[in-house]
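Chain residues, written in single-letter form:
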Amino acid sequence: MTTFRRRGRLDRSRLSRTRTQSTQDEWAEELGDPLDYEVEATHARTRPRNKGIYLLPNAFTTAALFSGFFAIVNAMNDQFQIAAIAIFASLVLDGMDGRVARMTNTQSAFGEQYDSLADMVSFGVAPALVAYEWALKDLGKWGWLAAFTYCAGAALRLARFNVNTGVVDKKFFQGLPSPAAGSLIAGFIWLADDNKIPVRDTAIPWITFFIAVYAGLTMVSNARFYSGKALDVRYRVPFGVMVLLILTFVLISSNPPLTLFGLFVVYSISGYVVWAWERLSGKRFS
């Protein structure tokens, strides 16, 4: 912080008005102050900036990053069901770090960047590699092109989110969020690996191809998806919301892969439903 001090105003009435400017300056030097006043900047001592990081929210981010890395390791060991579950675990942890930071008032620029990099691993690289190792590699070059399309879409989605953080409506995401895209792929892998869908083995690689490309392109689309950030858990909710929450837990516990995959399928197309409704009605959905 810079402060200013006013010093020694000179009474020039003591100088002759008939003198030249150079003579007046010489008289001023003799009187001890050559200026009407002088502004002198003095730098007050400032407290050194705290370069520490908040432990609690970044611990959740680290756990989410570990889950994404754990999914990659298990995919390399042909443990695809565990890999899919690890991606879902990363989804839960990623949703907690931001809310914990807001509730404890521990947001920081470091935390935002760290969370974005962790999301790229957990929901960009991990789902692409797991899907490729699981089924896409059977398609040859089309398989790794689909995996790369998804991975590149996740990177572009996260970069655009970081740039437009203070511009877009916080109630909606612009494009499918990467955690939902990664969970869409993980849900299908978990469901198919558990043999709970009546699909032939020869069709699974092409279904995976379609889901990976669809998720990658939807992440960079302009479709708006509900973010859930407007929901504040600190306030009261209607009784019906609690009943719906209980039913959701019951469905997930009864058949986790089918329920989770169904939920993310519905969410992944909701943005296009909103877009179609706005185009047909001429009104903006809010």
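Note that the structure is predicted; figures quoted are calculated from it, not measured.

(A) Representation of the overall build of the protein within the structure. Each helix and strand counted, the protein has nine helices and four strands in total. Seen in sequence order, the protein has helices and strands lined up from the N terminus as β-α-β-α-α-α-α-β-α-α-β-α-α. A total of 286 residues make up the protein; the buried ones form 36% of that total. Summarising the internal contacts of the protein: among those between residues at least 6 apart in sequence, 78% fall at separations of at least 24. When the accessible area of the protein is evaluated, it comes to approximately 18,200 Å², of which 63% is carbon and sulfur surface.

(B) Spotlight on unusual backbone geometry. We note that Asp78 has phi near 65°; this positive angle belongs to a residue other than glycine. You will see that Asn105, though not glycine, has its phi angle at about 55°, which is positive. Along the chain, Asn105 turns up in the loop between helix H3 (80–103) and helix H4 (109–134).

(C) Quick look at the packing of helix H6 (residues 178–193) against helix H7 (residues 204–219). Where H6 meets H7, the axes come as close as 9 Å, and the angle between the chain directions of the two elements is 170°. Compared by their axis directions, H6 and H7 come out roughly antiparallel. Note on element contacts: H7 touches H6 through Ile204, Ile207, Thr208, Ile211, Ala212, Tyr214, Ala215 and Met219, opposite Ser178, Ala181, Leu184, Ile185, Phe188 and Ala192. Partitioning the contact of H6 with H7 into residue classes produces twelve nonpolar, two polar and no charged.

(D) Looking closely at the UniProt feature "transmembrane region" (unreviewed entry) in the protein. UniProt's feature table lists "transmembrane region" (unreviewed entry) at residues 53–73, 142–160, 172–191, 203–223, 235–252 and 258–277, given in the numbering used throughout. Each end of residues 142–160 is marked by a C-alpha atom, and these two atoms are 27 Å apart; helix forms 100% of the span and strand 0%. With 70% helix and 15% strand, residues 172–191 has end C-alpha atoms that lie 28 Å from one another.

Scoring rules and cut-offs
Residues numbered from 1 in each chain as written. Predicted model: local features only at pLDDT ≥ 70, side-chain atom pairs only at ≥ 80, totals over all residues. Heavy atoms only, no water. Helix = DSSP H or I, 4+ residues; strand = E, 2+ residues; numbered from the N terminus. Buried < 20%, exposed > 50% of the residue type's maximum accessible area, 1.4 Å probe, protein only. Contact = heavy atoms within 4.5 Å. Areas by Shrake-Rupley, 256 points an atom, 1.4 Å probe, with all protein chains shown as cover. Axes fitted to C-alpha atoms, helices over the stretch in contact; angles between N-to-C directions. Parallel < 35°, antiparallel > 145°, perpendicular 65-115°, else oblique. Nonpolar A, V, L, I, M, F, W, Y, C, P; charged D, E, K, R; others polar. UniProt positions renumbered as here; feature names shortened; annotations may be inferred.

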